[in-house]
Structure formats: C-alpha cells, structure tokens
Amino acid sequence: MHQVARFIIISSLATWGHRALADIPADDNRTADIPATLSLSLSDAIARAKERAPDIVLANAAVRQAMARRVGAGIVFPSNPRVSVDARPPITGGAVIPDVGYAATLEVPFDVSGAPRARVREAEQAAAIARAELDVERLRVRSSAWGAYVRVGIAEQRVFEMQQTMAIAERVLSATKQRAQAGASNEIEESLASFEVTQISLEIDQSIRLRQGHTMDLRHVLDLPASQQVQLVTPVGDPPDVPNRALLVEHALRKRPELAVIKRRMSLLDATTTKLRRELFPRLGVYGGVDAAPISPIFGVVGLSVELPVAQRNQQQFARVDAERTTEMDRETLLLRRIVREVVGAIETYEARRRELRLLTDSALPLAMKSLELVEIGWRAGRFDLFRVTTAAREVARVRGKRLDALEAAWVDRIAIDTSVGGLDT
C-alpha cells in the first residue's frame, strides 16, 4: 500500500515538473531574428547595452513614469465642482408638505495665480531628473558591457595560451617516447611528461569554463538569450595611452552625469518653490444657485467665493525644499572633490598596470621562452633531465598567465578612467 502511494506521489510530481517546464518560455521572441552566432564589435556591444540592457529598460520606464506626472498638472480647476442642496420646510405658517421650500448651489473653484503652469514646469523638471538618471545608468552599463567584452576576449586568449602550452607539453612527451625507444630515457620521464599533459588539459578545461562564465555575463548585459553564441571581432590588445591628467579632470567636471542629476534636482526645487509661492494666492470660485424659501418668491443666487489664506501657508513644504536645496549643494561640493580623486587615482593605477604589462611582455615572457628553448635543447642533448624542462615550461605558462592577468587588470583600470571622466571615445 505504501509503495502504491509512493508511486502515485512520484508520478504526480513528475507530471507537475513537465508542466512547469512547458510553462517556461523559450528565448525571447524579440531575439528570434538573431543569427545562430552573433558577431559583436566592442562599439556594437556598447551601443546595444545602452539600448537593451535590463537596467536601461527599467530606467526608460522610470522616465515614462516621471513624464506621466505632467498629465493633468496644468488643469485650472483644482477640484471637482461642488453641489449643495437643502430642503426648507416651514416652521411657522403654511403646511409642512405642500409648502416645503428648497435651495441649491453649484460652486466651481479655479486657480488664477499661474499655479497650474508652475505645476506643469515642476512635472517637466521631474522628468528631466529621470532622463539625467538614465544617462547615469547608460554610463554604468557602458562600463559593464565594456568590461564583460574585455573579459571574454582575454578568456579566449587564456584558452589559446594554454593550448600553446599544451603543444609544448605534447612535444616534450613525444620526444620522451622517442628517447625511451632509443634507450636514452626511462619510464619515470615518460610518466612525468604524460602527467604534465594531463595537468595542462585540466587547466584548458578551467579556462574554457571561465570563458563561458564571462560570456554569460556579456549576455546578461546585452540581454541576449542564454543559448546565443557570441563571436568577438574586436581584438583585445594592449590598452592605449590616455590624455594628460589635467584634461581628464576638466572633462570629468563637465561630463559626469551625476553632476547633471544634481543640477536637475536644483531646478526641480526651484520649480517647486515657484509653485508653492503661486499656490499661496487664494483660489477663486464662482457659484450660482436658486433659493425657494417656503411661502416666498424664488430667488436666483450668483456670487464669487475666495479662499482665506490664513493658516495654510505651505510652511512645511517651504522648509522641506530649503533643506533639500542645502543637501544638494553639499552633495555637489562633495561629488566634485570625489570626481577629482577618482580620476587621479584611476590614472595612477592605470599607468602602474601598463608598466607591469610592458615588463612582462617585453622582458619576462621572451626570457622565459628563451630559457625553455635552451633547456629543451640541453635536455635533448642529454645535459639536463626532464625536470628542468617541465620546470621551464611551467615558468613559461606562469609568465603567460601573469601577463594576461596584467592585461585584464590594465583594461579594467582603463575602463575605470572612462567611467570616472563620464565617458571617452572607445
């Protein structure tokens, strides 16, 4: 009985699982027209990220939400018309039911102070803030897409470098077998050479897995399907020179989008202040009605009503706006100093990385390759054992790995400079 119940439960779970998998949508239909392999240049990747990155889509939605505040902001009539109706039964004289009177009034308030126009301007400034924040998001997405592209490119270079190392190990293994056949080596050397080939094969698999992870990060930034194959067409070479420090600092102080956001916030606070001042002007209202008192003539009523701005003077709103304005001024001052520090720090780090990269490329790697070549020649001539060869080969692989690490770090620092100055040409 228990086995039957267990079978029913497992069958139900399997059926539910198949239905759940069927409910999972396939790749987005929007990408159905993308070819099996998407060739991407760096500029194409950045342009696509600025338009289709998930965070950009949400930032555009925030802009639309902010623009929706403008709808109805300029209406002159701040509230719905008000109707009041009352019955007036006679108290002295006349019959209660036949001689009952009535009165009705319709009042329509409206603004005459220009407050509706001020509210429209306030809504427009709020939308301008959302657009400025969209620019901030675009700069961040640009950095993310650029960094992901570089990491994928360097991961491909890692795979290639490990394959080069594998070629060396296979060459040594082949030579070891030939020497063994000639009686010049023993089983230990052949076993050691085979172990090196296996070890490098594992490292190649790790490099491929690393490349796949970075490729998935690139797909996330570009909002590509998980199965989309990506081919990079822009080579990731040595990072270029950048303009001098003074020009970059000046560029940053003009182009950083966070500064534009602060200016837009200040403009919004100015618009809010103007609106609050205009809303202090009393609203007017026109009304008309009819007064039919019991046992009396029927009168028409036409009049003008005026608010009395006695207590409600927008005190809290004015205080809040003043406090926010002071906060934004402090924020701008702090941000200006921080921008200078970020630019200077990014430049110094970048130059140090480039010096390290040049040393590894121009000196360390050629020397390691030369050492491996000499040791291999000596080993083939019988002057060295295989341990010297494997040690020299490992040193070549280590220097190659350090060079790629330095190359990746240099590009990360180059991207940091680009972000700190508000975007340079790629």
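Just so you know, these numbers come straight off a predicted model, no measurement behind them.

Colleague: I'm lost on the overall build of the chain in this one. Help?
Modeller: Across its full length, the chain holds nine helices and six strands. Relative to its 426 residues, the chain shows a buried fraction of 37%. Pairs at least 24 apart in sequence give 81% of the contacts found in the chain among residues at least 6 apart. Summing over all exposed atoms, the chain offers an accessible surface of approximately 25200 Å²; the carbon and sulfur share of this is 57%.

Colleague: Looking at this structure, how should I read the sheet that holds strand β3 (residues 101–110)?
Modeller: Judged by pairing direction, the sheet is antiparallel, and its four strands sit side by side in the order β2-β3-β5-β6 without closing on themselves. The two strands at the open ends of the sheet, each matched to only one other strand, are β2 (82–88) and β6 (298–306). Adjacent strand axes in the sheet meet at a mean angle of 15° when their direction is disregarded. Bridging between β2 and β3 involves seven bridges; their strand directions are antiparallel. Residue pairing in the sheet places S84 in a bridge with T105 of β3.

Colleague: Teacher, can you tell me more about the environment of L224 here?
Modeller: Looking at where L224 falls in the secondary structure, it is placed in the loop between α5 (187–222) and β4 (229–232). Look at L224 and you get buried, because its relative accessible area is 9%. Sequence separation of L224 and L38 is 186 residues, and the distance between their C-alpha atoms is 9.8 Å.

Colleague: I would appreciate a short explanation of the pattern of salt bridges in the present structure.
Modeller: Side-chain pairing between opposite charges can occur once the charged atoms of the two side chains come close. Overall, the coordinates contain 33 salt bridges when judged by the stated rule. For D322, the salt bridge identified is with R325, shortest N-O distance 3.3 Å. Residue D322 and its partner R325 are located together in helix α8 (residues 315–380), separated by three residues, close to a single helical turn. Beyond isolated ion pairs, a larger network of salt bridges with shared partners links D111, R119, E279 and R283.

Colleague: Can you walk me through a nonpolar patch on the surface in this structure?
Modeller: A grouping of I75, V76 and F77 is seen on the molecular surface, where their side chains present a nonpolar patch of about 270 Å² in accessible area. For I75, the position within the fold is in the loop between α3 (54–68) and β2.

Colleague: I tried to follow helix α6 (residues 245–255) on my own but got confused; where do I start?
Modeller: It helps to recall that an α-helix has 3.6 residues per turn; residues three or four apart then point in one direction. Regarding α6, the residues found buried are L248, V249, H251 and A252. One side of α6 holds all its buried residues, which, seen down the axis, span an arc of 160°. Opposite the packed face of α6, turned more than 90 degrees from it, sit the exposed residues A246 and R254. Against α7 (257–279), α8 and α9 (386–420) lie the buried residues of α6. Residue N244 occupies the N-cap position of α6, its side-chain oxygen lying 3.2 Å from the main-chain nitrogen of A246.

Colleague: How should the packing of helix α4 (residues 115–181) against α8 be read in this particular structure?
Modeller: Two quantities define a packed helix pair, namely the angle between the axes and the distance from one axis to the other. Axis separation between α4 and α8 bottoms out at 12 Å; the angle between their running directions is 10°. It follows that α4 is roughly parallel to α8 by the angle criterion. Residues I168, R171, V172, A175, T176 and R179 of α4 pack against L372, E376, W379 and R380 of α8. Broken down by class, the residue content of the contact of α4 with α8 amounts to five nonpolar, one polar and four charged.

Colleague: I keep staring at the nonpolar core and nothing clicks. Help me out?
Modeller: Nonpolar side chains in soluble globular proteins tend to be buried together. Counting 36 residues, the largest nonpolar core has L40, W146, V150, L218 and L222 as its most contacted members. Among the elements of the structure, β1 (37–40), α2 (42–52), α3, α4, α5, β4, α8 and α9 are those that each provide at least two residues to this core. Among the elements that make up this core, the one with the highest residue count is α4 (eleven residues). Look past the residues within four positions of L40 in its chain and what remains in contact with it is A45, Y149, L222, V230, Q231, L232, V233 and T234. Among the nonpolar cores identified, the runner-up in size contains 23 residues, and A175, I204, W379 and L386 belong to it.

Colleague: How should the packing of α5 against α9 be read in this particular structure?
Modeller: It is at 10 Å that the axes of α5 and α9 come closest, and there the two elements cross at 10°. Looking at the two axes, α5 sits roughly parallel to α9. Judged by the twist between their axes, the crossing of α5 over α9 is right-handed. Residues E189, L192, A193 and E196 of α5 form the contact with α9, whose own contacting residues are L386, F387, T390 and R394. The residue makeup of the contact of α5 with α9, split by class, is four nonpolar, one polar and three charged.

Reading the values: rules and limits
- Once a new chain begins, its residue numbering starts again from 1 and follows that chain's sequence as written.
- pLDDT decides what is reported in this predicted model: residues at 70 or higher carry local features, side-chain atom pairs at 80 or more are listed and counted, and totals for whole chains, interfaces and linings draw on all residues regardless.
- Calculated side-chain values reflect all of the structure's heavy atoms, with hydrogen atoms and water omitted.
- In this text, helices come from DSSP runs of H or I with a minimum length of four residues, and strands from runs of E with a minimum of two, each type numbered from the N-terminal end.
- Each residue is placed in one exposure class: buried if its accessible area under a 1.4 Å probe, protein chains only, is under 20% of its type's maximum, exposed if it is over 50%, and partly exposed if it falls in between.
- Residue contacts follow a heavy-atom distance rule, with two residues in contact if any of their heavy atoms lie within 4.5 Å.
- We get accessible surface area from the Shrake-Rupley algorithm with a probe of 1.4 Å; when it comes to residues, only the shown protein chains can shield them.
- The criterion for strand pairing is that DSSP finds at least two bridges linking the strands in question.
- Think of each axis as a best-fit line through the C-alpha atoms, taken over the contacting stretch in the case of a helix, with angles from 0 to 180 degrees between the N-to-C directions.
- A side-chain nitrogen of Lys or Arg and a carboxyl oxygen of Asp or Glu constitute a salt bridge if their distance falls within 4 Å.
- A residue counts toward a patch only above 30% relative accessible area and without a salt bridge, and it is joined to like-charged neighbours within 9 Å or, for Val, Leu, Ile, Met, Phe, Trp and Tyr, to nonpolar neighbours within 5 Å.
- The arc in question is formed by the directions pointing from the helix axis toward the C-beta atoms.
- Think of a polar contact as two N or O atoms within 3.5 Å of one another; within protein, one of them needs to be a possible hydrogen donor and the other a possible acceptor, and neighboring residues in sequence only count if both atoms come from side chains.
- An angle counts as roughly parallel when it lies under 35 degrees, as roughly antiparallel when it exceeds 145, as roughly perpendicular when it falls between 65 and 115, and as oblique in every other case.
- Put simply, Ala, Val, Leu, Ile, Met, Phe, Trp, Tyr, Cys and Pro go in the nonpolar bin, Asp, Glu, Lys and Arg in the charged bin, and everything else, Gly too, in the polar bin.
- Grouping buried Ala, Val, Leu, Ile, Met, Phe, Trp, Tyr and Cys residues that are joined through side-chain atoms within 4.5 Å yields what is termed a nonpolar core.
- Each crossing gets its handedness from the near helix: less than a right angle anticlockwise from the far helix is left-handed, clockwise is right-handed.

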